[in-house]
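Residue-level listing of the chains:
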Amino acid sequence: MDEVLWQRVEAARGTLPGTALVPLPDPRSRLFAKLESTNPSGSAKDRSAYWILREAVRRGDITRGTTVVESSSGNFALALAMFCGRLGVPFVPVLDPNVNTATERVLRSVCARVEKVEEPDSAGGFLLSRLDRVARLCKEIEAAYWPDQYANPDGARGHYELTGGELVAALDRIDYLFAGVGSGATVTGLSRRVVESNASATVVAVDVEGSAIFGAAPRRRRIPGIGSSIRPALLDHATITEVVTVSEVDEVAGCHALLRDHGIFAGASTGGVYTAITRYFASHRGPPPVVAFLCADRGEPYRDTVYDRDWVAANLG
């Protein structure tokens, strides 16, 4: 283990204070939103990125001579860029045309090298193309390290220890947990921690149309966040009770409802989860259950897409 890097990892832990859990008025449930959007780089991905890098340094997989290379639609790349910067380790993100303009601008300002694939893969999306580029870069770059966010159990462990630990400490009871699914790290870590403390909890995974995660045929999606062209290996370790699928239009509607009704300026995946919650409990009668979900990222990167009516009309209309 590189002792200098380990000291930097331990120092970086101090930049991850607990995020707030806030109650949201709701007629049919006791609804709580965990504001992961307040993490330093703006999303829940800070938790998984930190833990992956932490464990890689501890094992000696990352040293001061390593270059980290990873595929990302945006938030995970931002988180890795931030933490790699703190560690003094180069990071090469591999992006695609769906990345938000603001996110790409930040990454190009802080990373010496940014790769961007332009050609869709056989599934109509870009994930497989990004992963192919990562594989080639790992052969080209000496001492490259690939975090592999779709299969690395350390990413899920970060949400188990940090996000999930904070959530169960804040709520005496959780009847329902709603979690969007992309790489699988968030739902896997959270579901395991919540069910350990609340054996009867229902875990609802939220996916988006066009995603192949739960067996549907993949097709092109225009909004980064939840959904994937592959089934992440991490899901084999998740505790999922039900799956709800929303459309990209639903993601937009949920974002606007959160902003209008609760003053929460959230990203697309959060909008999709919020729409799933409101529909799920639309006909609920009886005592209100305790429902928790994550505001996974901020709305700022989506100003030109989800919050732009012209873009929505042109791309999702």
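Sequence order as written defines the numbering, with residues in each chain counted from 1. Side-chain atom pairs in this predicted model are given and counted only at pLDDT of 80 or more, local residue features only at pLDDT of at least 70, and totals for whole chains, interfaces and linings cover all residues. With hydrogens and water set aside, each side-chain value is computed from the structure's full complement of heavy atoms.

The protein is annotated in an unreviewed UniProt entry as N-(2-amino-2-carboxyethyl)-L-glutamate synthase of Actinophytocola algeriensis. UniProt positions are given in the numbering used here, feature names are shortened, and annotations may be inferred rather than shown by experiment. In UniProt, the protein has this text filed under Sequence similarities (unreviewed entry): "Belongs to the cysteine synthase/cystathionine beta-synthase family. SbnA subfamily." Quoted verbatim from the Subunit (unreviewed entry) field of UniProt, the annotation for the protein is "Homodimer."

Here the focus is the overall build of the protein. The way it works is that DSSP assigns letters per residue, a run of H or I at least four long becomes a helix, a run of E at least two long becomes a strand, and they are numbered from the N terminus. Across its full length, the protein holds 10 helices and 10 strands. Taking 317 residues into account, the globule formula puts the C-alpha radius of gyration at 20 Å, and the protein, at 19 Å, falls close to it. With respect to the three principal axes, the spread of C-alpha positions in the protein is 60 × 45 × 35 Å. Only protein chains enter the accessibility calculation, which uses a 1.4 Å probe. A residue is then buried if its area is under 20% of the maximum for its type, exposed if over 50%, and partly exposed in between. Burial status across the protein gives 58% buried among its 317 residues. Accessible area for the protein stands at about 13,000 Å²; split by element, carbon and sulfur atoms hold 48% of it. Counting 35 positive and 38 negative side-chain charges, the protein places the averaged centre of each group 2 Å from the other. Atoms counted for the radius of gyration: C-alpha only. Globule rule: 2.2 Å times the number of residues to the power 0.38. We get accessible surface area from the Shrake-Rupley algorithm with a probe of 1.4 Å; when it comes to residues, only the shown protein chains can shield them. We treat Lys and Arg as the positive residues and Asp and Glu as the negative residues; His and chain ends play no part in the count. Here the site of a charge means NZ on Lys, CZ on Arg, CG on Asp, or CD on Glu.

Taking 1.5 Å of rise per residue, the 13 residues of helix α7 (residues 185-197) would be expected to cover 18 Å, and the 19 Å separating its terminal C-alpha atoms lies within 8% of that figure. Contacts between residues were defined by any pair of non-hydrogen atoms, one from each residue, lying within 4.5 Å. In this structure, the buried residues of α7 make contact with α2 (45-59), α6 (153-170), β7 (176-180), β8 (202-208) and β10 (290-294). By definition here, a helix of n residues has an expected span of 1.5 Å times n minus one.

What follows covers the sheet that holds strand β4 (residues 91-95). A sheet is described by the order of its strands in space; here 4 strands give the open sequence β5-β4-β3-β6, paired in parallel fashion. Strands at the two margins of the open sheet, each flanked by one partner only, are β5 (115-116) and β6 (144-145). Bridging between strand β3 (residues 67-71) and β6 involves 2 bridges; their strand directions are parallel. Bridge pairing in β6 links Thr67 to Ala144. Its contacts with the sheet place helix α3 (residues 75-87) against β3 and β4, and it is angled at close to 170° to β4. Two strands qualify as a pair provided that DSSP identifies no fewer than 2 bridges between them. Lines are fitted to the C-alpha atoms to define the axes, a helix being fitted only along its stretch in contact, and any angle between axes, read from their N-to-C directions, falls within 0 to 180 degrees.

Next up on the list: the nonpolar core. Judged by nonpolar contacts, the single largest core of 33 residues is most densely connected at Tyr50, Leu53, Ile62, Val68, Phe83 and Phe91. Those elements giving two or more residues to this core turn out to be α1 (3-13), α2, α3 and β4. Structurally, this core is a two-domain feature, drawing no fewer than three residues from each of domain 1 (3-43 + 152-316) and domain 2 (47-145). Leaving out residues up to four positions away in the same chain, Phe91 has contacts with Val68, Glu70, Ala77, Leu80, Ala81, Cys84, Cys111 and Arg113. To qualify as a nonpolar core, a set must consist of buried Ala, Val, Leu, Ile, Met, Phe, Trp, Tyr and Cys residues joined through side-chain atoms within 4.5 Å. With 24 residues, the next largest nonpolar core counts Ala33, Leu35, Val273 and Ile277 among its residues. By convention here, the domain bounds are inherited from an automatic or database domain assignment.

With that settled, consider the environment of Leu137. Considering the arrangement of structural elements, one finds Leu137 in helix α5 (residues 127-140). Sequence separation between Leu137 and Glu70 is 67 residues, and the spatial gap between their C-alpha atoms is 9.5 Å. Excluding residues that lie within four positions of it along the chain, Leu137 makes contacts with Val69, Val92, Val94, Arg113 and Glu115.

Segmentation of the protein into domains returns domain 1 (3-43 + 152-316) and domain 2 (47-145). Centre-to-centre, using C-alpha coordinates, domain 1 lies 22 Å away from domain 2. Each partner contributes residues to the interface: domain 1 has 43 residues there, and domain 2 has 34 residues. Once two parts are joined, some of their accessible surface, as seen by a 1.4 Å probe, is lost; buried area is that loss totalled over both. Surface buried jointly by domain 1 and domain 2 totals about 3,200 Å² across both partners, of which 62% is contributed by carbon and sulfur atoms. Broken down residue by residue, the surface that domain 1 buries against domain 2 is led by Leu5, Trp6 and Asp154, which jointly contribute 18%. Salt bridge, as applied in this entry: a Lys or Arg side-chain nitrogen positioned within 4 Å of an Asp or Glu carboxyl oxygen. Connecting domain 1 to domain 2 are 3 salt bridges. Residues Glu166 and Arg47 are paired through a salt bridge, measuring 3.0 Å at the closest nitrogen-oxygen approach. Any pair of N or O atoms that falls within 3.5 Å is considered a polar contact. Within protein, one atom must be able to donate a hydrogen and the other to accept it, and sequence-neighbouring residues count only if both atoms are side-chain atoms. Taken together, the links from domain 1 to domain 2 amount to 8 residue pairs in polar contact (both at pLDDT 80 or more). Put simply, the parts of the chain that give the side of domain 1 that touches domain 2 at least two residues each are α1 and α6. Counting residues per element, the side of domain 1 that touches domain 2 draws most heavily on α6, at 9 residues.

This part covers the packing of aromatic side chains. Between rings of Phe, Tyr and Trp, where Trp is taken as its six-membered ring, a pair exists when centres lie within 6.5 Å; planes separated by under 30 degrees are stacked, by over 60 edge-to-face, and by other angles tilted. Tallied over the full model, the rule gives 9 aromatic pairs. Residues Tyr50 and Trp51 carry aromatic rings whose centres are separated by 6.2 Å and whose planes lie at 70° to one another, so their mutual orientation is edge-to-face. Like Trp51, Tyr50 is buried. Judged by centre distance (4.9 Å) and plane angle (65°), the rings of Tyr280 and Phe281 are edge-to-face. Judged by its relative accessible area of 25%, Tyr280 falls in the partly exposed class. For Phe281, a relative accessible area of 4% corresponds to the buried category.

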